[in-house]
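# Descriptive analysis of the structure
Next come the chains, spelled out residue by residue.
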Amino acid sequence: MKAVTDIRLLIGGEEFTGWTRWEVESCLLTPSDAFSLSAPNINGELAGKIAPGSAAKLTLDGTVVMTGYVDEVNYSGGEVEVQGRDLFLFLVDCSARPGTHQKVTLLTLARRLTENWPIIWRLQSGITLATHTVKIEPGEAVWEVLAKVARLDGVLMWCNPDGTADISRLDYTQIPMHRLRRYLPSSGKSEENNIMGGSVSQSWRDRFSTVTQIGSTGNTANSYERNSHKRYAATDTGIGVYRPIILNDSNLRDITMCRNKAELEKARRLHDAEVLNYAASGHYGTPYHPAVSPVLYEPGVRVDVIDQDSGVADVYMLTTRRFSLDDEGGPVSELTLHPEGWMAAS
């Protein structure tokens, strides 16, 4: 298992090292990733050297894992703690200018609303974005505005470690990057185990046999029957009993939009129904192919999982990873994985 040997915070051309505790979290499903670093502040040597609002890069063994800004600096008990977030902090914290944007794509709107910040937007190849008329109310955060449009388009937005921003869908055709194993002692394979601990949660509470999505004129009993061209039912074949749900969205104007939303909603519910939370030693994953060198865990990659303790044996998407180091032990990666299929690349 490859161990992390060097974590550095780069601010204004100066590198800060010697961190004894850290937490670095990245998640595809939350708008802004975050970090926290702690180090001894011997004789006040770090006093005043790191200021809130400073542009920063965080590296692990020379690999950039986050680009953003310092949020807070705290001095206590002979230590200094530095907290920060990636560039999407601006989208979360700041309000969008009120007004109406006519016939814009999500990419155009994103570039327009973030033009004052160092964010470079990219659109995944093969994705065609619809045009929308977007009305921004006073007090709406930039992220709120963009997220509403992204949901209509069925895409995700995330900030990459280098600070670029992607409008994309997840790629479930990629070869798995890592493998996670938890064999029972009786299997004779327990020497391959790299899952230190964790849990698996499975539920059908929010899954339904049919997910029917109706559009702008299907929200009464009479109009529901008349307007079959503005509704679509997606079937979850994994639910063996009659268990329907009907959803209404006045923004959906035709059956194509209803079908896309219904299929997306079905896939999202399947995605949320199973959650794998594991802790693994170190920050580098065990490669799926033994001949490949280990790389840092990163959201958005596929992971081959065999967990005999919970009966799991499949390939999952890594959606969240949290690197941590404390005074009690070595570096640990906390990983959250979900079933495949939601927000799939077209």
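In what follows, the structure referred to is the one given above.
Below, the structure is looked at part by part. The model shown is predicted, which means the values in this text are computed figures rather than measured ones. Sequence order as written defines residue numbering, which begins from 1 separately in each chain. Local features in a predicted model are, by the rule used here, given only for residues with pLDDT of at least 70; side-chain atom pairs are given and counted only at 80 or more, and totals for whole chains, interfaces and linings are based on all residues. In computing side-chain properties, one takes all heavy atoms of the structure into account and sets aside hydrogens as well as water.

## Section: the overall build of the chain
A helix here means a DSSP run of H or I that spans at least four residues, while a strand means a run of E at least two residues long, and both kinds are numbered starting from the N terminus. Check the secondary structure of the chain and you find five helices and 21 strands. Buried residues are those whose accessible area, probed at 1.4 Å on protein chains only, stays under 20% of the maximum for their type, while exposed residues exceed 50% and partly exposed ones sit between those limits. The 346 residues of the chain split such that 49% are buried. The long-range fraction of contacts in the chain, counting pairs at least 24 apart against all pairs at least 6 apart in sequence, stands at 67%. The Shrake-Rupley method, run with a 1.4 Å probe, gives the accessible areas here. Residue values count only the displayed protein chains as cover. When the accessible surface of the chain is split by element, carbon and sulfur atoms take 49% of a total near 17000 Å². One way to put it: in the chain the 34 positive side-chain charges average out to a point 10 Å from where the 43 negative ones average out. Residue contacts are defined here by distance: any two heavy atoms, one from each residue, within 4.5 Å place the two residues in contact. For the purpose of charge, His is not counted, nor are the chain termini; Lys and Arg are scored as positive and Asp and Glu as negative. Every charge is mapped to an atom, namely NZ of Lys, CZ of Arg, CG of Asp or CD of Glu.

## Quick notes on the sheet that holds strand β15 (residues 210-214)
Sheet strands associate in pairs through backbone hydrogen bonding, adopting either a parallel or an antiparallel arrangement. At least two DSSP bridges between two strands are required for those strands to pair. Spatial ordering of the open sheet is given by β16-β15-β17, a layout of three strands whose pairing is mixed. For this open sheet the edge positions go to β16 (231-235) and β17 (244-248), each flanked by a neighbour on one side alone. Direction aside, neighbouring strands of the sheet carry axes that sit 20 degrees apart on average. In this structure, β15 lies alongside β17, joined through five bridges in parallel fashion. Note that in β17 the partner of T210 across the bridge is P244. A fitted line through C-alpha atoms represents every axis, and for helices the fit uses only the stretch in contact; the resulting angles, taken between N-to-C directions, go from 0 to 180 degrees.

## Observations concerning the packing of aromatic side chains
Here a pair means two rings of Phe, Tyr or Trp (six-membered ring of Trp) with centres within 6.5 Å. Their orientation is stacked below 30 degrees between planes, edge-to-face above 60, and tilted elsewhere. Throughout the structure, instances matching the rule amount to four aromatic pairs. Summarising the aromatic geometry, the rings of Y69 and F90 are spaced 5.2 Å apart at their centres and angled 80 degrees between planes, so their arrangement reads as edge-to-face. Here Y69 is found in strand β6 (residues 63-76), whereas its partner F90 is found in helix α1 (residues 89-93), with 21 residues between them in sequence. A network of ring pairs unites the aromatic residues Y69, F90 and W117 as a single cluster. Criterion for a charge above a ring: Lys NZ or Arg CZ within 6 Å of the ring centre, and within 35 degrees of the ring normal. The positively charged end of R243 is found above the aromatic ring belonging to F208, 4.6 Å away from the centroid. Over the ring of F323 we find R321, and its NZ or CZ is 4.1 Å from the ring centre.

## Remarks on the layout of surface pockets
A water-sized probe, rolled over the atoms, reveals where empty space remains. Here a cavity denotes grid points, spaced 1 Å and computed from the protein atoms alone, that fit a 1.4 Å probe unable to get out, and a pocket denotes an open set having protein on both sides within 12 Å along at least 5 of 7 lines; residues with an atom within 4 Å of a point are the lining. Grid points are joined across faces, edges and corners, and a volume is the space filled by probe spheres set on the points. By volume, the largest pocket is sized at about 430 Å³. Around the largest pocket, the lining is made up of 19 residues, and of these R151, V155, L156, W342 and M343 lie nearest the centre. Sorting the residues of the lining of the largest pocket by element identifies α3 (142-153), β11 (156-159) and α5 (255-272) as the ones contributing at least two each. If one sorts the elements of the lining of the largest pocket by residue count, α5 sits on top with six residues. Residues were grouped as follows: Ala, Val, Leu, Ile, Met, Phe, Trp, Tyr, Cys and Pro as nonpolar; Asp, Glu, Lys and Arg as charged; and all remaining residues, including Gly, as polar. Its residues placed into classes, the lining of the largest pocket shows 12 nonpolar, two polar and five charged.

## Regarding the sheet that holds strand β9 (residues 121-123)
In space, the three strands of this open sheet follow the order β9-β12-β11, with mixed pairing throughout. In this open sheet, the two edge strands, each paired with only one partner strand, are β9 and β11. Across this sheet, the average inter-strand angle for adjacent strands is 20 degrees, counted without regard to direction. Relative to strand β12 (residues 165-168), β9 runs parallel, the two sharing three bridges. The residue of β12 that forms the bridge with W121 is A165.

## Side note on the pattern of salt bridges
Basic side-chain nitrogens of Lys or Arg form a salt bridge, by our definition, when they fall within 4 Å of a carboxyl oxygen of Asp or Glu. Inspection of every chain in the model, using the stated rule, returns 20 salt bridges. R21 is the partner of E79 in a salt bridge, and the nearest nitrogen-oxygen pair spans 2.8 Å. With E79 in strand β7 (residues 79-86) and R21 in strand β3 (residues 21-27), this pair connects stretches of sequence that are 58 residues apart. According to the relative accessible area criterion, R21 is partly exposed, its value standing at 24%. Salt bridges linked by common partners bring E265, R268, R269 and D272 together as one network.

## Focus on the side chain of H178
Here H178 shows up in strand β13 (residues 178-182). Classification of H178 as buried rests on a relative accessible area of 1%. When residues no more than four places from it in sequence are discounted, the contact partners of H178 are G285, T286, P287, Y288, V295, L296, Y297, V301, R302, V303 and D304.

## Describing α5
Helix span, as expected, comes to 1.5 Å for every residue beyond the first. Between the first and last C-alpha of α5 there are 25 Å, a value that for 18 residues agrees with the 26 Å anticipated at 1.5 Å per step. Taken together, the buried positions of α5 are occupied by M257, C258, A262, L264, E265, A267, R269 and H271. A 3.5 Å cut-off defines polar contacts: any pair of N or O atoms within that distance qualifies, except that in protein one atom must be a possible hydrogen donor and the other a possible acceptor, and neighbouring residues in sequence count only when both atoms are side-chain atoms. Among the residues of α5, the N-terminal cap falls to D254, whose side-chain oxygen and the backbone nitrogen of T256 are separated by 3.1 Å.

## Description of the packing of helix α2 (residues 106-113) against α3
Relative to each other, α2 and α3 sit at 170 degrees, their axes nearing to 10 Å. As the angle between them shows, α2 and α3 are arranged roughly antiparallel. Between α2 and α3, the contacting residues are L106, L109, A110 and L113 on the first element and V142, V145, L146, V149, A150 and D153 on the second. A per-class count over the contact of α2 with α3 returns nine nonpolar, no polar and one charged. The cut-offs work like this: below 35 degrees is roughly parallel, past 145 is roughly antiparallel, 65 to 115 is roughly perpendicular, and the gaps in between are oblique.

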